[in-house]
Amino acid sequence: LFFFGQVTMSFRMAQRIFVRSAAATRTYASRPNLNMPVRNDWTKEEIAAIYNQPLLELMYQAATVHRQYWDASEVQQCTLLSIKTGGCPEDCGYCSQSKSHTSAFVKPTPLMSTAEVVAEAIKAKEAGSTRFCMGAAWREVSQVGPRQFQRVCDMIAEVNKLGLEVCVTLGMLNAEQAQKLKEAGLTAYNHNLDTSEEHYKNVVTTRTYEDRLKTLKNVRDAGLSTCCGGILGLGESHEDRVSLLHTLSTMETHPESVPVNALVPNEGTPMEDHKKVPVFDMVRMISSARILMPLARVRLSAGRTELNEVEQAMCFMAGANSIFTGDKLLTTPNPEFSEDAQMFQTLGLSGKAPFSEDYRPPSTTSARTVVEPTKTVAEASA
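Our subject in this report is the structure included herewith.

Conventions and cut-offs
- Residues numbered from 1 in each chain as written.
- Predicted model: local features only at pLDDT ≥ 70, side-chain atom pairs only at ≥ 80, totals over all residues.
- Heavy atoms only, no water.
- Buried < 20%, exposed > 50% of the residue type's maximum accessible area, 1.4 Å probe, protein only.
- Helix = DSSP H or I, 4+ residues; strand = E, 2+ residues; numbered from the N terminus.
- Pairing = 2+ DSSP bridges.
- Right-handed = clockwise from strand over helix to strand, strands pointing away.
- Axes fitted to C-alpha atoms, helices over the stretch in contact; angles between N-to-C directions.
- Left-handed = near helix turned anticlockwise from the far one by under 90°.
- Contact = heavy atoms within 4.5 Å.
- Nonpolar A, V, L, I, M, F, W, Y, C, P; charged D, E, K, R; others polar.
- Salt bridge = Lys/Arg side-chain N within 4 Å of Asp/Glu carboxyl O.

Topic: the pairing of strand E7 (residues 257-262)
The buried fraction of E7 is high, at six of six residues. Side chains of E7 alternate between two faces, with Ser 257, Pro 259 and Asn 261 and Val 258, Val 260 and Ala 262 buried alike. Two strands pair when backbone bridges link them, and strand E6 (residues 230-232) and E7 are joined in this way by three bridges, in the parallel orientation. Pairing of Gly 230 across the sheet is with Val 260, part of E7. Inspection of the sheet shows E7 paired to strand E8 (residues 297-300) by four bridges, in the parallel sense. Of the residues in E8, the one forming a bridge with Val 258 is Val 298. In terms of handedness, the path from E7 via helix H9 (residues 279-292) over to E8 forms a crossover that is right-handed.

See the structure below:
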């Protein structure tokens, strides 16, 4: 009986090894074609198959794509300044600047002067930043009137004179306003989708997903670059993350920049008790974005203070090639300039020059390859 039991156990172990080996073979045999041209026709099934791969295999694929299109040692450094803080009429569940969240009160400030903004831009440039981003806690430009909007246009023009790329995030825009920003010298407009269309109503109720998409269209039509990504940790599922990636990667033109943010819970907001986003979730999202949108700069954004140098190195290996520098992102803490300089030296990274796009198309291209679905992340961890 003892011998029979041992044989039975050995047989079962062999079965498990065979099944796992077969599953691994299917996974690697169904790798997406990494030499294919840039696509805008991804299906959710294809994206899920990429996203749900074993993490190390996914990272390897993303690192391969990254090196086909970019100099992997080059990282864009951006600085984000809040030029108008607090008092926002939107009710985003994660944001302390919303006047709806009275217990997370952030004292509203007036719009900064152009001179103050230029002084901050000069400091950012001296510290190595090549893109200067300005954010105002507005629902939409139409809310504040033409005089304040013109002041922002003046800021853009002056920062542009410093030889910096300029990005702003001002809420919703119409076509005329987008064109005016273009004429002022704006490089890019940030307008994050935050999460999937399906989960969006659980995050904010004062605007719709379609409102966001309409502004992005106005920005593209004006000839501006779009900066558009999302936030992990808003209570979304892995399926929501796949859906967000699908929306981004099937846009008429992929975003020039794709920020990947991790929620930093703010006390007094509806999401103050949300759990910290695991670094492996960040790496999985960055890797997937790199494969799906190879020409985009994938930006490691909010939540970077929660990552040590080793964890940030994983994100760079997975395809991140842009960061925010400076001690604050709007109202969220961020690593100091000096810390980033030390990390760059340790990892052998260098900063990107302004107005340079050093991506390179792969030397070979091939026909579209459809990848087969694999076990989902949720199933694999069950």
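Alright, that's what it looks like, and here's the rest.
Overview of unusual backbone geometry
Even without being a glycine, Asp 194 presents a positive backbone phi close to 75°. As for its position among the elements, Asp 194 is in the loop between strand E4 (188-190) and helix H7 (209-221).

Comments concerning the packing of helix H4 (residues 114-126) against helix H5 (residues 146-160)
Interaxial distance between H4 and H5 falls to 10 Å at its minimum, and their mutual angle equals 35°. H5 is crossed by H4, and the crossing has right-handed handedness. Every residue of H5 that contacts H4 at Thr 114, Val 117, Val 118 and Ala 121 is listed here: Arg 151, Asp 154, Met 155, Glu 158 and Val 159. Here the residues of the contact of H4 with H5 are counted per class, giving five nonpolar, one polar and three charged.

Some remarks on the pairing of strand E3 (residues 165-169)
For E3, the tally of buried residues reaches five of five residues, placing the bulk of the element in the interior. Of the two faces of E3, the one carrying Glu 165, Cys 167 and Thr 169 and the one carrying Val 166 and Val 168 are both buried. As defined by bridge partners, strand E2 (residues 131-136) adjoins E3 across five bridges and the pair is classed as parallel. Across the sheet, the residue bridging to Cys 133 is Cys 167, located in E3. Pairing between E3 and E4: two bridges, direction parallel. Its bridge partner lying in E4, Cys 167 is registered against Ala 188.

Quick look at the pattern of salt bridges
Evaluation of the coordinates by the stated rule reveals 17 salt bridges. Between Glu 236 and Arg 241 there is a salt bridge whose closest N-O contact spans 2.9 Å. The burial state of Glu 236 is the same as that of Arg 241; both residues are buried. Residues joined in a network through salt bridges with shared partners are Glu 90, Arg 139, Glu 140, Asp 194 and Arg 207.

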